[in-house]
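Structural overview for review
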Amino acid sequence: MKLKEIARRSCAGAMLGSVLLSLLTSCEKELDFKYHEIEPLTVIEGTLTEEGARVSITMTTPMGEPMDRTRITDAEVILKDLTAGYVEKLRADEEGYFVSHSGGKDWHDYSLTVMYGDETWTAKSTMFPKTEIISAGFSWIKMPYDHVAVLQVLYADDPTTKGDSYWIRVYRNGEIYSWAEQQDWTSRDGVMNFVTMTTRQDVDEEDEEDLLVDGDEVTVNICRISSGMREYIEAIGNDSNGPMMFTGTHRCLGYFMASAPAEITVVFHPEDIAYQ
């Protein structure tokens, strides 16, 4: 759990903990939870950028079984540029991703169709252009328990449009570190401000999942996304499957996102970070 979540939930956690303790000590009956078994669902995760497309197709794993991330490679995957009328059949690579090296074009409408077995699913997305990242950097702020390195990123938002949404992903040395979604109602004079807490100054007290050490490369990736994609990301963050983004004869999970990502990398040097 992130530090900001700990600070926010500490009081509620203490109250909940005392209630749970009283329940556990006053009742020794073993609870037998029963889950409804459902047929595995297809999961399609597709992205289109200015460099090309990549689509992963997997199946959900039944409750109680080890997670199976084996990718399906015998499906038929079709990418269509609905604006230009271009159609391309994607091929699976050695990692099991269906890929194309034909990049998307700004503001073109695209559809992604997957045919697997006797099922067909389709999703549509408009290709959003790359946003401008203005700056990114760290500062130390004082919290009751320690100093914490706060990452702040400023990026551009079109002030002439309303309802714009963004997906911000933070990577630590190439691996996902955290992510969030933002809406442009927080925009000020065409500038969006993303702020997130990262590592504590006392590294001996920090969890491995939040720890940053000298020399770590922190990369921020920002994509403009549709409102449907924002709702999907928000739902995933709340442990829900999210809205259905693919249409078909049967239910299908996943998403299709067309957007040109903007990136910036900051090298973490704790001795060089200013205090607020």
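Notes on the structure follow. (Residues numbered from 1 in each chain as written. Predicted model: local features only at pLDDT ≥ 70, side-chain atom pairs only at ≥ 80, totals over all residues. Heavy atoms only, no water.)

1. Some details on the overall build of the protein chain
Each helix and strand in the protein chain was counted, giving 2 helices and 16 strands. Contacts in the protein chain between residues far apart in sequence, at least 24 positions, make up 63% of those at least 6 positions apart. Here the protein chain displays about 16,400 Å² of accessible surface, and carbon together with sulfur accounts for 52% of that area. (Helix = DSSP H or I, 4+ residues; strand = E, 2+ residues; numbered from the N terminus. Contact = heavy atoms within 4.5 Å. Areas by Shrake-Rupley, 256 points an atom, 1.4 Å probe, with all protein chains shown as cover.)

2. Quick word on the pattern of salt bridges
All chains considered together, the criterion is met by 4 salt bridges. Across the salt bridge formed by Lys130 and Glu50, the nearest N and O atoms sit 3.6 Å from each other. Highlighted residues: Lys130 in the loop between β7 (119-126) and β8 (133-142) and Glu50 in the loop between β1 (42-49) and β2 (52-59), separated in sequence by 80 residues. The partner of Arg200 in a salt bridge is Asp146, and the shortest N-O contact between them spans 3.4 Å. Here Asp146 lies in the loop between β8 and β9 (147-156) and Arg200 lies in strand β12 (residues 191-200), a separation of 54 residues in the sequence. Each member of the pair, Arg200 as well as Asp146, carries the same accessibility label: buried. (Salt bridge = Lys/Arg side-chain N within 4 Å of Asp/Glu carboxyl O. Buried < 20%, exposed > 50% of the residue type's maximum accessible area, 1.4 Å probe, protein only.)

3. Some points on the sheet that holds β9
Spatial strand order, β8-β9-β12: 3 strands in an open sheet with antiparallel pairing. Edge positions in the sheet fall to β8 and β12, since each has one partner strand and no second. Strand after strand, the sheet turns through a mean of 20 degrees between neighbouring axes, direction not considered. For β9 and β12, the ladder comprises 8 bridges, and the chain directions are antiparallel. Directly across from Leu151, in β12, lies its bridge partner Thr196. (Pairing = 2+ DSSP bridges. Axes fitted to C-alpha atoms, helices over the stretch in contact; angles between N-to-C directions.)

In short, shape yes, function no, at least from these values alone.
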